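Breakdown of the fold
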Amino acid sequence: MPVTTSPIDATPLPRLPAGFVWGASTAAYQIEGAADEDGKGPSVWDTFVRRPGAVRDGHTGDFACDHYHRLDEDVELMRRLGLDAYRFSISWPRVLPNGTGKVEPRGLDFYDRLVDALLGAGIEPTPTLFHWDLPQALEDEGGWLNRDTAHRFAEYAAVTGERIGDRVKRWITLNEPFVHMTYGYAFGVHAPGRALMLDALPVAHHQLLGHGLATAALRAAVPDGQVLIANNCSPVRLRSDARSDQDSAAASAYDVLHNRLFNDPLLTGSYPDLSAYGMPDRSWGGVVREGDLAAIAAPLDGLGVNYYNPTWVTAPNDPAALLPFDLAEPEEPYQRTTFDWPVVPDGLTELLTGLKDRYGDALPPVTITENGCAQPTGLDDRARVDYLSGHIDAVARAVALGVDVRGYFTWSLLDNFEWAEGYHQRFGLVEVDFATGLRTPRASFEWYRGLIASQRS
Ligand code: BGC
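Quick look at the structure, then. Please read all numbers here as calculations on a predicted model, not as lab measurements.

**Points about the pattern of salt bridges**
- A full pass over the atoms with the stated rule returns 39 salt bridges.
- Asp 255 serves as the salt-bridge partner of Arg 358, at 2.5 Å between the closest nitrogen and oxygen. With Arg 358 in helix H12 (residues 346–359) and Asp 255 in helix H10 (residues 245–268), this pair connects stretches of sequence that are 103 residues apart.
- Classification of Arg 358 by relative accessible area gives partly exposed; the value is 42%.
- For the salt bridge of Arg 449 with Glu 446, the shortest nitrogen-to-oxygen distance reads 2.9 Å.

**Overview of H10**
- A rise of 1.5 Å per residue sets the reference length of H10, with its 24 residues, at 34 Å; its end C-alpha atoms lie only 27 Å apart and thus fall more than 12% short of the reference.
- Of all the bends in H10, the greatest measures close to 60° and is centred on Arg 260.
- With 17 of 24 residues buried, H10 is to be regarded as a mostly interior element.
- Count one or two residues on from H10 and you reach Gly 269, which has phi positive near 75°.

**Describing the nonpolar core**
- Trp 45, Leu 201, Leu 261 and Tyr 448 are the most contacted members of the largest nonpolar core, which has 140 residues in total.
- Here the element with the most residues in this core is H10; it accounts for 10 residues.
- Apart from residues no more than four positions distant in its own chain, Trp 45 is found in contact with Tyr 29, Val 55, Trp 132, Asp 133, His 190, Ala 191, Phe 417, Trp 419 and Ala 420.

**Some thoughts on the site of the ligand**
- For the ligand, the full set of nearby residues is Gln 30, His 131, Trp 132, Asn 175, Glu 176, Tyr 308, Trp 341, Glu 370, Trp 411, Glu 418, Trp 419 and Phe 427.
- Between the ligand and His 131 there is a distance of 2.8 Å, counted from an oxygen atom to a side-chain nitrogen or oxygen.
- Between the ligand and the protein, one listed contact pairs an oxygen atom with a side-chain N or O atom of Glu 418 at 2.6 Å.
- Compared with its free state, where it exposes 310 Å², the ligand has 95% of that area covered by protein.
- Grouping the constituent residues of the shell around the ligand by class yields six nonpolar, three polar and three charged.

Parameters at a glance
Every residue gets a number counted from 1 within its own chain, in the order that chain's sequence is written. Totals for whole chains, interfaces and linings use every residue, but because this is a predicted model, local features are given only for residues with pLDDT of at least 70 and side-chain atom pairs only at 80 or more, for both listing and counting. As a rule here, side-chain values cover all heavy atoms of the structure and leave hydrogens and water aside. Throughout this description, the term salt bridge denotes a Lys or Arg side-chain nitrogen within 4 Å of a carboxyl oxygen of Asp or Glu. Each helix corresponds to a stretch of at least 4 residues labelled H or I by DSSP, and each strand to a stretch of at least 2 residues labelled E; elements are numbered beginning at the N terminus. The buried label applies to any residue whose accessible area, calculated with a 1.4 Å probe on protein chains only, is under 20% of its type's maximum; exposed applies above 50%, and partly exposed to all values in between. A helix is expected to reach a length of 1.5 Å times the quantity of its residues less one. Bend at a residue means the angle formed by two fitted axes: the first through the 7 residues ending at that position, the second through the 7 residues beginning there. Only buried residues count toward a nonpolar core, which is a set of Ala, Val, Leu, Ile, Met, Phe, Trp, Tyr and Cys residues joined through side-chain atoms within 4.5 Å. Two residues form a contact once any of their heavy atoms are found within 4.5 Å. Proximity is defined per residue: any heavy atom of the residue falling within 4 Å of a molecule or strand makes that residue near it. The term polar contact refers here to a pair of N or O atoms within 3.5 Å; inside protein, the definition further demands a hydrogen-donor-capable atom paired with an acceptor-capable atom, and it admits residues adjacent in sequence only when both atoms are side-chain atoms. With residues, only the protein chains shown are counted as cover, and all accessible areas are computed by Shrake-Rupley using a 1.4 Å probe. Side-chain classes follow a simple rule in which Ala, Val, Leu, Ile, Met, Phe, Trp, Tyr, Cys and Pro form the nonpolar group, Asp, Glu, Lys and Arg form the charged group, and the remainder, Gly included, forms the polar group.

Here is the structure:
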């Protein structure tokens, strides 16, 4: 194993409660490679990356981190890191190449081996069933615009639960339905590359319905399992120089589309009012059917929260604009990641206490299922250590304020395929040379290892 730079001292962090789960996250398309091996069917990402101009420099996930062939090496890295749990995603088209019907045993075998390797290393497998790589065959039938996809998702959850549910006890259904709807179906900058703007809204409901139906399927297949969902959440902020009523209305409107649309139905059994977005009534013109919300609001064992940064908004400049807000830049001189995202750790405390204020006792225990940052290539990633340390401290502050947070999974274990940015954004505790596959732990790896060890001692 290559030697890393020396560990970095960071501010000592408060101790999180006993049993707090320390983890790291990845996703199938971003790390596995082996895009058409062992009977895997194509996903929407296999298609999208071939669209000219879709991904920076034409990068694809065909090879990615080659995790499919380096599973043991990667689990060894995790063991060395001292992880309690590893969040990965299962590629739906590896398990069901057409999204439904015929099961590919070699696909399931891969996850079976991964689960056994993790358990052998004392690491709890925490799979996500859908991290955006929909089987292309289902996209050809309308993808998540088609209600039937929700039922196919439950079928896939049952097949997977029956195969590995004897050993896998913590499951995550969907990853960030907000981002998938917005980037994939509203703006078209992610797969499947549709630019439908507000006509993408049924994608929210069909994903959430899929979550509800998959939850029931998992409860049947894994009666002693826990089921979570990973929602991307962003506290909404106004600039200090813009506090008119219109600005406040813009902030509420943004909050509805980014946060409440995906949390309210899960935790309260109803959607926020979307009449301003072309959804005239509670049934969204027939999209939301009798019984759907009850399925979606089935009790969760935990809410997964992915946090990167707050969102600043103002009232729209153009009163005739389609959306009732404009995105804005903060005036504060925040540090920036290489993605140009502002580094705002206190946004995570604000987010967690805000969830508690909004949902009260309906909020199940929270797990941070993603948090991390893109930094320049190189092993001495002091800025990543500062980012992680600041955000973990922000979690500890939320816990001290009474929010029940049970775990923290950093994004990401490895540098990987960062969607439309290809291999240009590096989120890993471990640097990956994409030409050779060589993994080299960064200083942040050693820092996180030390943090986990000290929190346990
Ligand atoms: C996604 C990850 C992604 C990360 C950084 C999250 O929205 O779940 O797949 O790599 O953000 O952009």
